[in-house]
Amino acid sequence: TVSGGECTQWPRFVTTLFALAKKAGLHTLLDTNGSYDLSADPSLLAVTDGFMLDVKAWDFTVHQTLCGAENDTVKRNLAFLAACGKLTELRTVVVPGVGDPEETVRQAATAAAGGDTRYKIIRYRPFGVREPYKTQIVPPTDAYLAELAELARSCGICDVVIT
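### Some remarks on a negative patch on the surface
- A cluster of acidic residues, D59, D100, E102 and E147, forms a negative patch at the surface.
- Along the chain, the position of E102 falls in helix α5 (residues 101-112).

Here it is, written out as structure tokens:
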């Protein structure tokens, strides 16, 4: 698994590394925020067994505020990876009061439905977060995360994990 930062900033390196890994008989996974157009890089796709994709917010404006970038590419990657069977894991961090987690889970789960994708719904935790956000944002409740998990299941995702 290649992870940390955004590894698709170095697609040639990852492609070379994964080609060597495949030669050695290893399984390859790439962890990404989805900002790189994966459909335009068949050589990277050919050596990557699966992708773990973060969907931070479905709404364009919320995503722009959180990440400083558009999310059209993220949405296209979600649809593309789901269609070609390479979406191994979908992840959303739930931050109360930031965006619309229900809409994000509903749209992302619907886009990924029909395959073997695991949807990891991740509780916001204030570890390492600086003031004032550390005390202003309260982690979501177990009950709320369970509701989101059930929403994902109702949209066609069978494997939902709350962390």
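### Concerning a nonpolar patch on the surface
- Together, W10, F13 and L17 make up a nonpolar patch on the protein surface, roughly 350 Å² of accessible area in all.
- With relative accessibility at 51%, the residue W10 sits in the exposed group.

### Looking at the pairing of strand β2 (residues 50-54)
- For β2, the buried fraction is high: 5 of the 5 residues fall into the buried class.
- Of the two faces of β2, the one lined by G50, M52 and D54 and the one lined by F51 and L53 are each fully buried.
- Handedness of the crossover joining strand β1 (residues 29-32) and β2 through helix α2 (residues 42-47) is recorded here as right-handed.
- Where β2 meets strand β3 (residues 87-94), 4 bridges bridge the pair, whose relative direction is parallel. Residue pairing across strands places M52 opposite E89, the latter belonging to β3.

The rules behind these values
Residues numbered from 1 in each chain as written. Predicted model: local features only at pLDDT ≥ 70, side-chain atom pairs only at ≥ 80, totals over all residues. Heavy atoms only, no water. Patch = residues over 30% accessible without salt bridge, like charges linked within 9 Å, V, L, I, M, F, W, Y side chains within 5 Å. Areas by Shrake-Rupley, 256 points an atom, 1.4 Å probe, with all protein chains shown as cover. Salt bridge = Lys/Arg side-chain N within 4 Å of Asp/Glu carboxyl O. Lys, Arg positive; Asp, Glu negative; His and termini not counted. Charge placed at Lys NZ, Arg CZ, Asp CG, Glu CD. Helix = DSSP H or I, 4+ residues; strand = E, 2+ residues; numbered from the N terminus. Buried < 20%, exposed > 50% of the residue type's maximum accessible area, 1.4 Å probe, protein only. Right-handed = clockwise from strand over helix to strand, strands pointing away. Pairing = 2+ DSSP bridges.

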